[in-house]
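Residue strings, one per chain:
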Amino acid sequence: MLSRFRYCRALNHIFSLAAELNRQDVKTIVVITDCPVSYRDQLRHYQRHFPCFTESRPEEIIRLIRYFRIELLHLHDLSLINTTQRLLRSWPIPCGITLHDQLPPAINLSSLPGLSFLITPYPVVRGIPARLQSKTFFIPEGIDLQAYRPMPKEGFKIAFILEEGGSTGEGSAALLKATGLANLDLELICPQPLPLLKGRYYGWLLNSSAVLGRSQVVIGRYRGLLEGMACGNAALIMGRSYNGIFNSRQYPAALSFPDLSGEGDEPPCYRSIFFDLSTLLKDRPLLESLQQQNRRFIRENCDLRLIAEQTAGLYRQITSG
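This section reports on the structure supplied with the text. As the structure is a prediction and not an experimental result, all values here were calculated from the model.

## Some details on the overall build of the protein chain
Helix and strand counts for the protein chain stand at ten helices and 13 strands. Against the globule reference of 20 Å for 321 residues, the protein chain gives a C-alpha radius of gyration of 20 Å, in line with a compact fold. With the principal axes as the frame, the protein chain shows a C-alpha extent of 60 × 45 × 35 Å. Total accessible area computed for the protein chain in this model is approximately 14600 Å², and 50% of it derives from carbon and sulfur atoms. Across the protein chain, the 36 positively charged side chains and the 29 negatively charged ones have centroids separated by 3 Å.

Below, the structure written as structure tokens:
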């Protein structure tokens, strides 16, 4: 698995999936490029689960591929598509891609030799060429239900996971204003600090299970919400727009999986966020019902063990073909 270090939860997907694949005897190594020095020791901790390397030089990545006699390359960041082309020229093997976000218009997937599959963890991905539709598979991101689980919750703490490029300054300001007006503790997980009135700034955590386990509500998008829901949180969907409280019983039946992107035309409004937080604060039965529903939703749709089995089955299908 190959990806670039970014301040986003997609890295958690890679690490957890690689660990579970190795537990299922699917030998998997991970290479992360452009890793900040301050995070290299943290990434070395994953060595007890799978071989994990922080390496940006293509020639060294090729050396790792040859040493481990890699049979398939799984790309998780399209910014590395040129590097991937070079790797595949030196070691021609099947290649697959997981699209963690929308497909940028400038990316030409057909430029990759040996492209064998696309995985979309979320239902609405625009721009996939028609000729690749038959190679596209929907597999949600898996959550380790043992690592991410509810813990004793005291007070009414709100966890906000702000990914790199996942929100706007206007949206963050709206959230800060809403939580300030409600006098709520905000547990902030993001690369850069924001002017909190009440709460705590954690920086960017690779593993946020302890923070999410103690919070009542998680705010964010994509995998950050899934991790928070696994920890028994109510969930507010917010990216570049604010899409309100997630209710697993209400998302459209036509979707194979809910849209957790937080995309939309309108910037987040502090009034909407304040109203939803106030509702959850005052209506304890509603809060607890949503928390239980969300944990159940993750258990039924995003169990890491089952997701790894699906992924391993796809790998075997490609490499044996």
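## Some remarks on the pairing of strand 9 (residues 185–189)
Counted residue by residue, strand 9 has four buried out of five residues, so it is predominantly covered. Examined bridge by bridge, strand 8 (residues 157–161) and strand 9 share five bridges and lie parallel to one another. Bridge pairing links K157 to D185 in strand 9. You can see the chain leave strand 8, run along helix 5 (residues 169–182) and come back into strand 9, and the turn it takes is right-handed. Across four bridges, the pairing between strand 9 and strand 10 (residues 199–203) is parallel. Among the inter-strand pairings, L186 is bridged to a residue of strand 10, identified as G199.

## Points about the nonpolar core
Counting 55 residues, the largest nonpolar core has F15, V30 and I298 as its most contacted members. For this core, the element with the highest residue contribution is helix 1 (residues 10–23), accounting for seven residues. Look past the residues within four positions of I298 in its chain and what remains in contact with it is I143, L145, L226, M229, A230 and D303. Core analysis: the second largest hydrophobic core is formed by 28 residues, C95, I97, L99 and L115 among them.

## So, unusual backbone geometry
With a phi close to 65°, D25 is a non-glycine residue in the positive phi region. With respect to the helices, strands and loops of the structure, D25 is situated in the loop between helix 1 and strand 2 (30–33). A relative accessible area of 57% means that D25 is categorised as exposed. Although it is not a glycine, Y222 adopts a positive phi angle of roughly 45°. Summarising the element assignment, Y222 is placed in helix 7 (residues 222–230).

## Comments concerning the pattern of salt bridges
Within the structure shown, the criterion is met by 16 salt bridges. We note a salt bridge from R221 to D101, for which the minimum N-O separation is 3.3 Å. With R221 in the loop between strand 11 (217–220) and helix 7 and D101 in the loop between strand 5 (95–98) and strand 6 (115–120), the pair connects residues that are 120 residues apart, well separated along the chain. Linked by salt bridges that have partners in common, D101, E163, R221, R240 and E263 make up one network.

## Observations regarding the pairing of strand 6
Along strand 6, six of the six residues are buried, which leaves the element largely enclosed by surrounding structure. Direction of pairing for strand 6 relative to strand 7 (residues 136–138): parallel, over a ladder of three bridges. Among the inter-strand pairings, L118 is bridged to a residue of strand 7, identified as T136.

## Observations concerning helix 10 (residues 304–320)
Look at helix 10: 24 Å from first C-alpha to last across 17 residues, which is about the 24 Å you get at 1.5 Å a residue. Along helix 10, the residues that are buried comprise L304, I307, A308, T311, A312, L314, Y315 and I318. The buried residues of helix 10 occupy an angular sector of 160° when projected down its axis, which confines them to one face. Among the exposed residues of helix 10, those oriented more than 90 degrees off its buried face are R305, R316 and S320. Its buried side turned inward, helix 10 meets helix 1, strand 4 (73–75), strand 6, strand 7 and helix 9 (284–301).

## Section: the sheet that holds strand 10
Here we have six strands laid out as an open sheet, ordered 10-9-8-11-12-13, and mixed in their pairing. The open sheet has two free edges, formed respectively by strand 10 and strand 13 (242–245), since each of these has just one partner strand. Each strand axis lies, on average, 15° off the axis of its neighbour in the sheet, ignoring direction. Relative to strand 11, strand 8 runs parallel, the two sharing three bridges. Paired with A159 across the bridge in strand 11 is V218.

About the criteria used
- Residues numbered from 1 in each chain as written.
- Predicted model: local features only at pLDDT ≥ 70, side-chain atom pairs only at ≥ 80, totals over all residues.
- Heavy atoms only, no water.
- Helix = DSSP H or I, 4+ residues; strand = E, 2+ residues; numbered from the N terminus.
- Rg over C-alpha atoms; globule rule 2.2 N^0.38 Å.
- Areas by Shrake-Rupley, 256 points an atom, 1.4 Å probe, with all protein chains shown as cover.
- Lys, Arg positive; Asp, Glu negative; His and termini not counted.
- Charge placed at Lys NZ, Arg CZ, Asp CG, Glu CD.
- Buried < 20%, exposed > 50% of the residue type's maximum accessible area, 1.4 Å probe, protein only.
- Pairing = 2+ DSSP bridges.
- Right-handed = clockwise from strand over helix to strand, strands pointing away.
- Core = buried A, V, L, I, M, F, W, Y, C linked by side-chain atoms within 4.5 Å.
- Contact = heavy atoms within 4.5 Å.
- Salt bridge = Lys/Arg side-chain N within 4 Å of Asp/Glu carboxyl O.
- Expected span 1.5 Å × (residues − 1).
- Arc of directions from axis to C-beta.
- Axes fitted to C-alpha atoms, helices over the stretch in contact; angles between N-to-C directions.

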